[in-house]
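Chain residues, written in single-letter form:
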Amino acid sequence: VFDSFPLKERPYHSRWGDGTDFSDTEYEEISNAYKDATLNFSLQRGDLIVLDNLRMSHGRTPYTGSRRRLGVMVSDLVSWQGTEG
């Protein structure tokens with residue numbers, strides 16, 4: 001989906017702290033680091049994952065079949081006032 005947007009308009013576009021875009025070489029190096037650090041595993045019924053979003057990048061690969069999601073976020077970094085519903 002995001003491939004249809006120009007790189008700078010994608011929702012997760014990243015830059016250096018001074019606002020400079022990553023060069024193609026830097027982007028490729030970061031992309032390769034992610035690929036090298038990727039762990040693939042299959043979850044089984046009843047499995048549970050607990051992780052710290054500030055310490056770990058996470059995602060999933062495409063799949064087919066039904067989907068059921070259950071998530072809980074716990075943090076003192078986010079104000080939850082007015083977010084019910």
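Anything mentioned here points back to the structure above.
Small disclaimer: the values here were computed from a predicted structure and weren't measured. Along every chain, residues carry numbers that run from 1 in the direction the sequence is written. Two thresholds apply to this predicted model, a pLDDT of at least 70 for residue-level local features and 80 or more for giving and counting side-chain atom pairs, whereas whole-chain, interface and lining totals are computed over all residues. The basis for every side-chain value is the complete set of heavy atoms in the structure, and neither hydrogens nor water enter the calculation.

Draft legend 1. Up close: the packing of aromatic side chains. Planes of paired rings set the category: under 30 degrees apart is stacked, over 60 is edge-to-face and the rest tilted, where pairs are Phe, Tyr or Trp rings (Trp by its six-membered ring) whose centres lie within 6.5 Å. Under the defined criterion, the tally for this structure stands at one aromatic pair. The interplanar angle of 85° and the centroid separation of 4.9 Å between the aromatic rings of Trp-16 and Phe-22 together place this pair among those described as edge-to-face. Residue classification places Trp-16 among the partly exposed residues on the basis of a relative accessible area of 44%. Judged by its relative accessible area of 23%, Phe-22 is partly exposed. In this scheme, a residue with accessible area under 20% of its type's maximum is buried, one over 50% is exposed, and one in between is partly exposed, where area comes from a 1.4 Å probe on protein chains only.

Draft legend 2. Just a nonpolar patch on the surface, in detail. A patch consists of residues whose relative accessible area exceeds 30% and which take part in no salt bridge; residues with like charges are grouped when within 9 Å of each other, and nonpolar side chains (Val, Leu, Ile, Met, Phe, Trp, Tyr) when within 5 Å. Accessible areas in this description were obtained via Shrake-Rupley with a 1.4 Å probe; residue shielding takes into account the shown protein chains only. Put simply, a salt bridge is a Lys or Arg side-chain nitrogen that is within 4 Å of an Asp or Glu carboxyl oxygen. Together, Leu-39, Phe-41, Leu-43, Ile-49, Leu-51 and Met-56 line one region of the surface with nonpolar side chains, adding up to about 640 Å² of accessible area. Within the secondary structure, Ile-49 is located in the segment after helix H1 (24-37). Think of it this way: any DSSP run of H or I at least four residues long counts as a helix, any run of E at least two long counts as a strand, and we number them from the N terminus.

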